[in-house]
Amino acid sequence: MCGIIGYTGTKPVCPILIDGLRALEYRGYDSAGVALSGKTLTTVKRAGRISVLEEALAAGEAGADLQAPCGIAHTRWATHGAPTDANAHPHATDRLALVHNGIIENDRALRRELEEKGYVFNSETDTEAAAKLIDSIYAETPDPIAAIRAAAKRLEGAYALAVVFADRPKQIYAIRRDNPLIVAATAEGAFLASDIPALLPHTKDYYRPDENEIVVLDAEGEAPSVRFFGAEGELTHPVCTVNWNVEQAEKGGYDHFMRKELGEGPEGVRRTLTPLVRDGLPAFGLPLMDGLGKMRSMRIVACGTAMHAGLMGRAFIERLARMPVTVEIASEFRYRNPILSPDEPILLLSQSGETADTLAALRLARANGIPTAAIVNVIGSSVAREADAVLATHAGPEIAVASTKAYATQASMMALIAVAIAHQRGLITDEKAKEMTAALADRLPAALEETIALEEQMIEQAKRLSSAEHVFYIGRGTDYDGSVEGALKLKEISYIHSEAYAAGELKHGTISLITDGVPVVALSTDANTASKMASNMREVRARGGYVLLICTEATRAEVEPCSDACIVLPESDPMLAPICGVLTEHMIAYHTARVMGCDVDKPRNLAKSVTVE
Ligand code: F6R
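These numbers come from a predicted model, not from an experiment. Along each chain, numbering runs from 1 in the same order as the chain's sequence is written. Totals for whole chains, interfaces and linings use every residue, but because this is a predicted model, local features are given only for residues with pLDDT of at least 70 and side-chain atom pairs only at 80 or more, for both listing and counting. Just so you know, side-chain values use all the structure's heavy atoms and leave hydrogens and water out.

K.L.:
Provide a residue-level description of the nonpolar core, including the pertinent values.
P.N.:
Residues Leu36, Leu57, Met298, Ile317, Leu391, Ile417 and Leu440 are the most contacted members of the largest nonpolar core, which totals 128 residues. Among the elements that take part in this core, helix α12 (residues 405–424) stands out by supplying 13 residues, more than any other. What is meant by a nonpolar core is a set of buried Ala, Val, Leu, Ile, Met, Phe, Trp, Tyr and Cys residues, joined one to another through side-chain atoms within 4.5 Å. Only protein chains enter the calculation, and the probe is 1.4 Å; a residue is then buried if its accessible area is under 20% of its type maximum, exposed if over 50%, and partly exposed in between. Counting 29 residues, the second largest nonpolar core, distinct from the first, contains Tyr138, Ala147, Ile148 and Val216. Numbered from the N terminus, helices here are DSSP runs of H or I no shorter than four residues, and strands are runs of E no shorter than two.

K.L.:
Would you mind going over helix α15 (residues 478–494) in detail, with residue names and values included?
P.N.:
Helix span is expected to be 1.5 Å times the residue number reduced by one. Between its terminal C-alpha atoms α15 stretches 24 Å, which fits the 24 Å expected from 17 residues at 1.5 Å a residue. Across the 17 residues that make up α15, a large majority, 14, are buried. Immediately downstream of α15, the backbone of tyrosine 495 shows phi near 65°, a positive value.

K.L.:
Run through the layout of surface pockets, naming residues and quoting values.
P.N.:
Definitions used for this entry: grid spacing 1 Å over protein atoms alone; cavity, a set of points where a 1.4 Å probe fits but cannot get out; pocket, an open set with protein on both sides within 12 Å along at least 5 of 7 lines; lining residue, one with an atom within 4 Å of a point. Grid points are joined across faces, edges and corners, and a volume is the space filled by probe spheres set on the points. As a volume, the largest pocket reaches approximately 560 Å³. Listing elements by their share of the lining of the largest pocket, those giving two or more residues are α8 (304–321), β20 (346–350), α10 (356–367) and α15. Forming the walls of the second largest pocket are 22 residues, and the residues nearest its centre are Arg22, Ala23, Ala249, Glu250 and Phe257. Per element, the largest residue contribution to the lining of the second largest pocket is four residues, and it comes from helix α1 (residues 13–24). Ten residue types, Ala, Val, Leu, Ile, Met, Phe, Trp, Tyr, Cys and Pro, are classed as nonpolar, four, Asp, Glu, Lys and Arg, as charged, and the remainder, Gly among them, as polar. Partitioned by chemical class, the residues of the lining of the second largest pocket number eleven nonpolar, two polar and nine charged.

K.L.:
Could you give an account of the packing of helix α6 (residues 257–273) against helix α18 (residues 576–595), with specific residues and numbers?
P.N.:
In contact at an axis separation of 10 Å, α6 and α18 are set at 165° when each is read in the N-to-C sense. The angle between α6 and α18 falls in the class roughly antiparallel. Between α6 and α18 lies a crossing of left-handed hand. Of α18, the residues touching α6 (which contributes Met258, Arg259 and Leu262) are Leu583, His586, Met587 and Tyr590. Grouping the constituent residues of the contact of α6 with α18 by class yields five nonpolar, one polar and one charged. Between N-to-C directions, angles span 0 to 180 degrees; the directions come from axes that are lines fitted to C-alpha atoms, helices contributing only their stretch in contact. Roughly parallel here means an angle under 35 degrees, roughly antiparallel means over 145, roughly perpendicular means 65 to 115, and every remaining angle is called oblique. Working rule for handedness: look at the near helix, and if it is turned counterclockwise from the far one by less than a right angle, call the crossing left-handed; if clockwise, right-handed. The contact criterion used throughout is that any non-hydrogen atoms of two residues lie within 4.5 Å.

K.L.:
Now, about empty space enclosed by the protein: what can you tell me, with residues and values included?
P.N.:
Going through the model one piece at a time under the given rule, you end up with five cavities of 30 Å³ or more. Roughly 170 Å³ of volume is contained in the largest cavity. In terms of lining, the largest cavity is formed by 17 residues, of which the most central are Tyr26, Asp195, Gln351, Ser352 and Val378. Counted by class, the lining of the largest cavity contains seven nonpolar, four polar and six charged residues.

K.L.:
Can you lay out the site of the ligand for me, pointing to particular residues and giving the numbers?
P.N.:
Ser350, Gln351, Ser352, Thr355 and Lys489 are the nearest of the 14 residues found near the ligand. Interatomic distance of 2.5 Å between a side-chain N/O atom of threonine 355 and an oxygen atom of the ligand. The definition of a polar contact used here is a pair of N or O atoms within 3.5 Å, where within protein one atom must be able to donate a hydrogen and the other to accept one, and adjacent residues in sequence count solely through side-chain atom pairs. Between the ligand and glutamate 492, the relevant distance is 2.8 Å, taken from an oxygen atom to a side-chain nitrogen or oxygen of the residue. The element that contributes the greatest number of residues to the shell around the ligand is α8, accounting for three residues. Among the residues making up the shell around the ligand, the classes are represented as five nonpolar, seven polar and two charged. Each residue is tested against the molecule or strand, and it is near if at least one of its non-hydrogen atoms lies within 4 Å.

K.L.:
Account for the pairing of strand β23 (residues 470–475), naming residues and giving values.
P.N.:
For β23, the buried fraction is high: five of the six residues fall into the buried class. The pairing of β23 with strand β24 (residues 497–502) spans six bridges and is parallel. Within β24, the position partnered with valine 471 by the bridge is serine 498. Handedness of a crossover is defined as follows: with both strands directed away from the viewer, a clockwise route from the first strand across the helix to the second makes it right-handed. With α15 bridging β23 and its parallel neighbour β24, the resulting β-α-β unit is right-handed. Should DSSP find at least two bridges between two strands, the strands are taken to pair.

Right under this line is the structure:
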């Protein structure tokens, strides 16, 4: 949800800001803008993509000093007001310019108050109230730290703010609350950003300021510096180091990040599971995780694709370990006064570790004394920092808005957890547990690679789906859990209306939507339900529907005769096959959107990191 970047140092800031915005564009792409702080403080901002802003800068817009060595920039995911030039950030006054990621919830009241003081607002945004509020305080007390701290006390909501003041041309001030912000200093400059990919070309070492601290980036002294000021004075933070590299955050010859990341799923699964295996058995090295078998039940809380990985996890855990599991949408969980119990730990799943609803659910659980564990891809993220126990998925940076390789790592981690709980509970022998662990850690990555090798068949089917108005996904059990994710991915990036239904539920209403040629993607990897799936597929075809089947050698004989087209997965194992099935659905969604000419990596209206509620 919006990306911010700032730099002050020895180099011209413009190219650094523009490259940083490109690395953060996945967070929102409705408009982009920069404030350049040099001899003057100038703001240039444009609705639309970063290239539009670049053109304005190249044309010498507003006399912008392109050699300025300090500045801040923003790429927007619109919340308050349409994507227009006026609503784009930075929001500036004569004294300062400000960029914001998040939502100011009391902006209307602040706006009225500031209007009474004579301020004239130029945009519909909540952010402009924050800019003018700081301005009004700074006008009275020209101390940036005091002004931002006083303003923050008045701001309700979530934010990461970065501010440059016209009378302090080499400094940037920042503060965060419930929104991500990282900072770094090198010999060449001090940096701030919403996320790691923007810093990767400059450094792998960074700091994560705590909430409500004022961060000061300064290039005035001998060396560029980053300093942190809490209510009690100056603070220090341990340095965090990321093991990602720049190449991982680049397209590497692919047309889209999404296609590159689909290909990185198998290696991500290997990297995720291998460190969690000791003597052939799952070993998490965390008391909470290694003692899960003693718990009565478990709750999984997450959003979107991560929640779908949780659904798959529920099926694995319940089937194998006989532990009751509930899966909750994070945004619902916290507002329905959930009944919590200390013998029911909460497991949070999040790629970014910054999803506002997931973070809020974690805080609610912790406030109630509930043990929490998190599966996150971004180490050092807010969820990772606040959960009692943390397991890392090693998918590497995921840039495409549509989450794919993260899903593969999350679902495979859930499968390993299921094996671990079943073993802890004595429901499977050492030998069986070792066999299943090896299947996940060794065989699954290879099976995912073999699945990707079926790409030509997926492209063929994608061409067919690309002309559809509606696509339905059906499955039973884990295949229904996979279908839900397949349907989400297709609608998200191709804008084709798609819905998943439990195959047995179709005839209770939805089948009325099946008419001549309507595609139905049937996922059938479970031999126990293959004959039932076959009946459901027949029902679809009897109404003229086109059945695209994704099956395994174990189900093929039963279901293939009831399909119009069939992709056979390379793996039949009940835990491995559904994960391969979802990868197939992800690939089909990708190619459908690509054939349709959609902006695959940046689908309309979406942003990758959802840091607002
Ligand atoms: C869909 C997608 C989203 C995310 C969701 C949670 O492709 O990417 O549904 O899965 O916003 O995000 P994280 O995992 O970062 O908490």
